[in-house]
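Each chain, written out:
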Amino acid sequence: MPDTTLSSSVGLVTPQTATFETDFHLACGKHLPGFELVYETYGELNATASNAVLVCHALSGHHHAAGYHHLEDRKPGWWDSYIGPGKPIDTRHFFVISVNNLGGCHGSTGPQSINPDTGASWGPDFPIMTVEDWVKSQALLADRLGITRFAAIVGGSLGGMQVLQWSITYPERLANAAIIAATPKLSAQNIAFNEVARQAIRSDPEFHDGWYEQHGVLPKRGLKLARMIGHITYLSEHSMGAKFGRDLRTDSLNYGYDVEFQVESYLRYQGDAFSTRFDANTYLLMTKALDYFDPASSHDNDLAKALSNTSCRFLVVSFSTDWRFAPGRSRELVNALVKAKKPVSYTNVDSPYGHDAFLLPNDHYEAAFGAFMRRIYSDLNQGAL
Amino acid sequence: MRTDLAQIMQWVPERAHVLDLGCGDGTLLAALTEHKGVQGYGLEIAPDNIATCLAKGVNVLEQDLDEGLSNIVDDAFDMVVMTQALQVLRRPDLMLDEMLRVARECIITFPNFAYWRHRLHLGMRGRMPVSKSLPHEWYDTPNIHLSTFKDFSHLCDRQGHRIIDRAVGDGDHQLHWSAQRWPNLFGQVAIFRIER
């Protein structure tokens with residue numbers, strides 16, 4: 001844990017587990033006979049339980065959003081730039097909850113958990129989750145923690161889609177929503193990239209139709225490829241060019257298929273690291289949750305209609321070089337909110353870093369997001385929430 | 001408060017749904033919300049202004065006015081206001097039509113180029129006017145479509161829009177009676193209320 005960041009860090013944090021023993025019905029028609037959610041909290045819940053902020057994570061994210069688990073950790077949680085004392089999600093003001101989604105591979109019930117019906121791990125039999133299922137499970141956790149209404153629910157990418165779903169499913173349970181680098185539905189191109197990632201995993205001979213654990217192997221090559229493809233979509237042409245250009249790892253071309261360009265080395269490294277720390281079945285079901293998300297589909301494909309019952313204030317943020325969920329996707333959401341006459345603010349942050357920009361420090365992004373969150377805190381103090 | 005903003009405060013009906021084009025730091029929308037229960041949005045492109053609006057709780061949408069309002073449906077608003085932004089647009093005429101497409105009524109304010117000091121500047125010194133309402137030099141001004149009180153009345157007529165009301169403002173001072181009588185000569189800021 002680097003000491004330099006201590007003053008603005010939430011410091012050491014310990015994940016907690018909440019166990020739910022009732023049947024949990026899912027959008028796919030199946031149900032889970034109870035489940036566990038792993039989560040972290042930062043800051044203090046106030047006496048009226050009105051200062052809670054829920055953070056929703058993205059495709060490969062988890063509950064560890066801020067601070068450090070151990071003194072020797074090199075890196076903090078995934079959104080540490082934005083959560084902590086004095087940061088946009090200021091832990092001196094808010095009680096922040098960050099949950100590992102159902103179906104995940106970081107402690108919450110998922111494909112690696114034991115299926116009580118068989119006594120063995122669920123593996124590929126774990127039901128496919130939807131964003132709605134996640135939101136429902138998060139609401140149960142909120143009940144457990146005594147939070148009837150969140151001051152804000154925030155998230156980037158797939159996390160932003162959960163925020164959007166919250167505003168539709170539980171309009172009375174959140175006062176503010178920050179939807180960052182997200183989209184109201186995936187495009188054909190987005191689904192296409194997800195399908196290539198899934199095929200990479202499913203065609204790995206060590207995938208064994210998802211039963212790799214029983215075979216004592218991991219579909220590492222498939223997961224590595226899936227991550228390499230995904231990673232390209234998280235960066236921009238500019239940021240890849242600026243970081244690697246056409247730099248070679250050796251002095252000259254060697255006319256072979258080993259790693260020659262720095263960008264190849266980087267992608268292989270990213271893929272390798274991911275292939276051992278992430279579960280392939282989880283990756284598959286998370287990409288399906290992305291593909292299925294389309295709240296307008298149950299409202300005559302009219303997004304404004306889908307949003308008509310929302311009652312929170314929205315902040316929508318996109319990033320200029322994000323081509324995974326391009327600014328136009330955020331504008332679709334904003335236009336629908338304007339059509340539905342809902343309170344919304346929108347900013348398109350100038351950043352060279354593509355989709356990943358939502359995780360990175362950026363003055364304009366921090367100023368806008370910070371101003372939005374400070375306003376929420378002042379509303380709280382004036383009893384306006 | 002600027003005189004043009006004070007005039008707008010009087011013309012906007014209670015609880016109207018308002019779009020403010022080029023809303024700046026959100027001063028007008030915040031005042032309209034506080035005093036008239038107005039709801040609405042400001043369009044703005046400067047990041048600093050966007051953050052200031054967010055801090056005030058004013059709904060602000062990042063959008064370049066030169067790209068039009070095609071993302072907004074017909075009659076989405078009761079009123080569109082645009083203060084001191086007409087002269088920086090690439091096509092003020094098209095924007096005027098767009099404003100009256102998304103709302104029945106609009107209010108526009110802009111610096112009156114025929115103001116007597118500007119005339120004096122150009123007429124006597126032979127140089128492009130630089131004043132409190134037009135503080136830029138000709139080479140660095142964002143004001144690419146300057147017009148006069150009369151010019152704008154002509155444009156409204158030509159495009160078939162009806163002028164409901166018009167007034168003049170002069171920055172932060174009390175208005176002189178001469179400005180009401182001869183607005184094209186003595187009005188520093190032109191304020192128009194128009195309907196389609």
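Residues numbered from 1 in each chain as written. Chains lettered and ligands numbered in written order. Predicted model: local features only at pLDDT ≥ 70, side-chain atom pairs only at ≥ 80, totals over all residues. Heavy atoms only, no water.

As recorded in an unreviewed UniProt entry, chain B goes by Methionine biosynthesis protein MetW and comes from Larsenimonas suaedae.

### Quick notes on the overall build of chain B
Across its full length, chain B carries eight helices and seven strands. Here chain B has a C-alpha radius of gyration of 16 Å; the compact-globule value for 196 residues is 16 Å, and the two agree. Taking the principal axes of the C-alpha coordinates as reference, chain B spans close to 45 × 35 × 30 Å. Per-residue burial over chain B gives 52% buried out of 196 residues. (Helix = DSSP H or I, 4+ residues; strand = E, 2+ residues; numbered from the N terminus. Rg over C-alpha atoms; globule rule 2.2 N^0.38 Å. Buried < 20%, exposed > 50% of the residue type's maximum accessible area, 1.4 Å probe, protein only.)

### Things to note about the packing of helix α5 (residues 237-244) of chain A against helix α6 (residues 262-277) of chain A
Residues and elements named next belong to chain A. Contact pair α5 / α6: the axes reach a minimum separation of 9 Å and the direction vectors enclose 110°. The orientation of α5 with respect to α6, classified from their angle, is roughly perpendicular. In contact with M240, K243 and F244 of α5, α6 contributes Q262, V263 and Y266. (Axes fitted to C-alpha atoms, helices over the stretch in contact; angles between N-to-C directions. Parallel < 35°, antiparallel > 145°, perpendicular 65-115°, else oblique. Contact = heavy atoms within 4.5 Å.)

### Section: the packing of aromatic side chains
Overall, the coordinates contain 27 aromatic pairs over all chains when judged by the stated rule. Ring geometry for Y115 of chain B and W116 of chain B: centres 6.1 Å apart, planes at 55°, overall tilted. Through a chain of ring-to-ring contacts, three or more aromatic side chains come together here, namely W78, W79, Y82, F319, Y365 and F369 of chain A. The residue whose ring lies beneath R144 of chain A is F20 of chain A, and the NZ or CZ to ring-centre distance is 4.3 Å. Over the face of the ring belonging to F274 of chain A we find R227 of chain A, whose NZ or CZ atom lies 4.2 Å from the ring centre. (Phe/Tyr/Trp six-rings, centres within 6.5 Å; stacked < 30°, edge-to-face > 60°. Lys NZ or Arg CZ within 6 Å of the ring centre and 35° of its normal.)

### Focus: the pattern of salt bridges
Here the idea is simple: oppositely charged side chains can pair when their charged atoms come close. Residues and elements named next belong to chain A. Enumeration according to the criterion identifies 20 salt bridges over all chains in this entry. The shortest N-O distance in the salt bridge between K305 and D300 comes to 2.3 Å. K305 gets classed as partly exposed once you look at its relative accessible area, which sits at 40%. With its nearest N and O atoms 2.9 Å apart, the salt bridge here joins R313 to D379. (Salt bridge = Lys/Arg side-chain N within 4 Å of Asp/Glu carboxyl O.)

### Examining the interface of chain B and chain A
With 18 residues of chain B at the contact, the number on the chain A side is 21 residues. On the chain B side of the interface with chain A, the three residues burying the most area are Y41, L54 and E62 of chain B, jointly 35% of the side's total. Counting every contact that joins chain B to chain A gives eight residue pairs in polar contact (both at pLDDT 80 or more). Of all the secondary-structure elements, those providing two or more residues to the side of chain B that touches chain A are α3 (47-56) and β3 (60-62) of chain B. By residue number, the principal contributor to the side of chain B that touches chain A is α3 of chain B, which donates six residues. Partitioning the side of chain B that touches chain A into residue classes produces twelve nonpolar, four polar and two charged. (Buried area = accessible area lost by both parts, 1.4 Å probe. Polar contact = N/O pair within 3.5 Å; in protein donor to acceptor, adjacent residues only side chain to side chain. Nonpolar A, V, L, I, M, F, W, Y, C, P; charged D, E, K, R; others polar.)

### Quick notes on a nonpolar patch on the surface
The grouping of L122, M128, W138 and Y139 of chain B at the surface amounts to a nonpolar patch, some 500 Å² of accessible area in total. Here M128 of chain B lies in the loop between α5 (116-125) and α6 (149-158). (Patch = residues over 30% accessible without salt bridge, like charges linked within 9 Å, V, L, I, M, F, W, Y side chains within 5 Å. Areas by Shrake-Rupley, 256 points an atom, 1.4 Å probe, with all protein chains shown as cover.)

### A word on α5 of chain A
Residues and elements named next belong to chain A. Taken as a whole, α5 has its buried residues at S239, M240 and F244. Buried residues along α5 cover an arc of 105° about the axis, so they all sit on one side. For α5, the exposed residues set more than 90 degrees away from the buried face come down to E237, H238 and A242. G245 sits one or two residues past α5 and shows a positive phi near 50°. (Arc of directions from axis to C-beta.)

### Things to note about the pairing of strand β2 (residues 39-44) of chain B
Residues and elements named next belong to chain B. Counting buried positions along β2 gives five out of six residues, so the element sits mostly inside the fold. As judged from the five bridges shared by strand β1 (residues 17-21) and β2, these two strands associate in the parallel manner. Directly across from V18, in β2, lies its bridge partner G40. Handedness of the crossover joining β1 and β2 through helix α2 (residues 27-36): right-handed. Summarising the sheet, β2 and β3 pair through three bridges and their orientation is parallel. Each residue of the ladder has a partner; that of G42, found in β3, is V60. (Pairing = 2+ DSSP bridges. Right-handed = clockwise from strand over helix to strand, strands pointing away.)

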